[in-house]
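# Topology and contacts: notes
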Amino acid sequence: MSARIDAVAARVQTAVTTRQVTNSMAGVVKSMESAMKSMNLEKVSQLMDRFEQSFENLDVQSQVMEGTMCNTSTLTTPQNEVDSLMQQVADEAGLELNMDLPSAQGSAVGSLATTQASQEQDELTSRLAKLRQM
């Protein structure tokens, strides 16, 4: 939820920044028009520098906002919450979830799990047969 709020806040900030740069550019264009009328080359050069600076600022701000959006949109859920959710889903599905890394005796563990699964299946089959007889 906090990542979503951060993303919305970043988008709002981007919109505000873009609006400010747009207003600044409009002012520069008006100044350029008056400078062009007087044909003062020094003033035209200064205005063009300001105009280019505004574009550079917009570019930098856009890159920062894109980076922020990418970072806030990534998964920021703590590991313990992820583990807890995985365990909850496994419990609901009736699965045993082993969150530890498998040991070097992986084949023995796999055969043990297969044996337990077949024993549970046999037990369920016998219970079902008893229920049908009732």
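Each remark here, short or long, concerns the structure printed above.
Only a predicted model underlies this, so the values are computations on that prediction, with no experimental measurement involved.

## So, the overall build of the protein chain
A tally of regular secondary structure across the protein chain gives four helices and zero strands. Beginning at the N terminus, the succession of helices and strands in the protein chain can be written as α-α-α-α. Among the 134 residues that make up the protein chain, the fraction classed as buried is 13%. Contacts spanning at least 24 positions in sequence make up 51% of the contacts within the protein chain whose residues lie at least 6 apart. In the structure as shown, the protein chain presents an accessible area of about 11,100 Å², 56% of it carried by carbon and sulfur atoms.

## Let's talk about the side chain of T17
With respect to the helices and strands, the residue T17 is situated in helix α1 (residues 2-38). When its relative accessible area of 10% is taken as the criterion, T17 is described as buried. Within the local environment of T17, its side chain forms a polar contact with the backbone oxygen of Q13, the two atoms lying 2.9 Å apart.

## What about the side chain of S54?
Relative to the elements of secondary structure, S54 occurs in helix α2 (residues 41-73). Taking the relative accessible area as the measure of exposure, S54 reaches 10% and is therefore buried. Residue contacts for S54: discarding those within four places in its chain leaves V21, S24 and M25.

## Digging into a nonpolar patch on the surface
A cluster of nonpolar side chains, namely V8, V12 and V16, defines an oily patch on the protein surface of about 230 Å² accessible area. Note that V16 resides in helix α1. On the basis of relative accessibility, which here comes to 38%, the residue V16 falls in the partly exposed class.

## Topic: a negative patch on the surface
There is a patch of like negative charges on the surface, built from D49, E52, E56, D59 and E66. By the secondary structure assignment, D59 is in helix α2.

## Quick notes on α1
A rise of 1.5 Å per residue sets the reference length of α1, with its 37 residues, at 54 Å; its end C-alpha atoms lie 54 Å apart and thus fit the reference within 8%. All of the buried residues in α1 are A3, A7, A10, T17, V21, M25, V28 and A35. Downstream of α1 by one or two residues, M39 has phi in the positive range, about 60 degrees.

## Focus on the nonpolar core
Of all hydrophobic cores here, the largest spans five residues; its members are V21, M25, V28, F51 and L58. The set of elements that each furnish at least two residues to this core consists of α1 and α2. Looking at which element gives the most residues to this core, the answer is α1, with three residues. If near-sequence neighbours (up to four positions away) are discounted, V21 is found in contact with S54, L58 and Q61.

Conventions and cut-offs
Sequence order as written defines residue numbering, which begins from 1 separately in each chain. Given that the model is predicted, a residue must reach a pLDDT of at least 70 before its local features are reported, and side-chain atom pairs must reach 80 or more before they are shown or counted; all residues, however, enter totals for whole chains, interfaces and linings. As a convention, hydrogens and water are excluded, and side-chain values are obtained from all of the structure's heavy atoms. Counting from the N terminus, the helices are DSSP H or I runs at least four residues long and the strands are E runs at least two residues long. Burial status follows relative accessibility: with a 1.4 Å probe on protein chains alone, a residue under 20% of its type maximum counts as buried, one over 50% as exposed, and anything between as partly exposed. Contacts are assigned to residue pairs that have any heavy atoms within 4.5 Å of one another. Note on areas: Shrake-Rupley with a 1.4 Å probe; residue coverage comes only from the protein chains shown. In protein, a polar contact means a hydrogen-donor-capable atom and an acceptor-capable atom, both N or O and within 3.5 Å, with residues adjacent in sequence counting only if both atoms are side-chain atoms; elsewhere, any N or O pair within 3.5 Å suffices. Patch construction takes residues with relative accessible area above 30% that form no salt bridge. Like charges are linked within 9 Å, and nonpolar side chains (Val, Leu, Ile, Met, Phe, Trp, Tyr) are linked within 5 Å. The term salt bridge refers to a side-chain nitrogen of Lys or Arg lying within 4 Å of a carboxyl oxygen of Asp or Glu. Within this scheme the basic residues Lys and Arg register as positive and the acidic residues Asp and Glu register as negative, but His and the chain ends are omitted. Just so you know, the charge point we use is NZ for Lys, CZ for Arg, CG for Asp and CD for Glu. Expected helix span is taken as 1.5 Å per residue step, with the number of steps being one fewer than the number of residues. What makes a nonpolar core is a set of buried Ala, Val, Leu, Ile, Met, Phe, Trp, Tyr and Cys residues whose side-chain atoms join them at distances within 4.5 Å.

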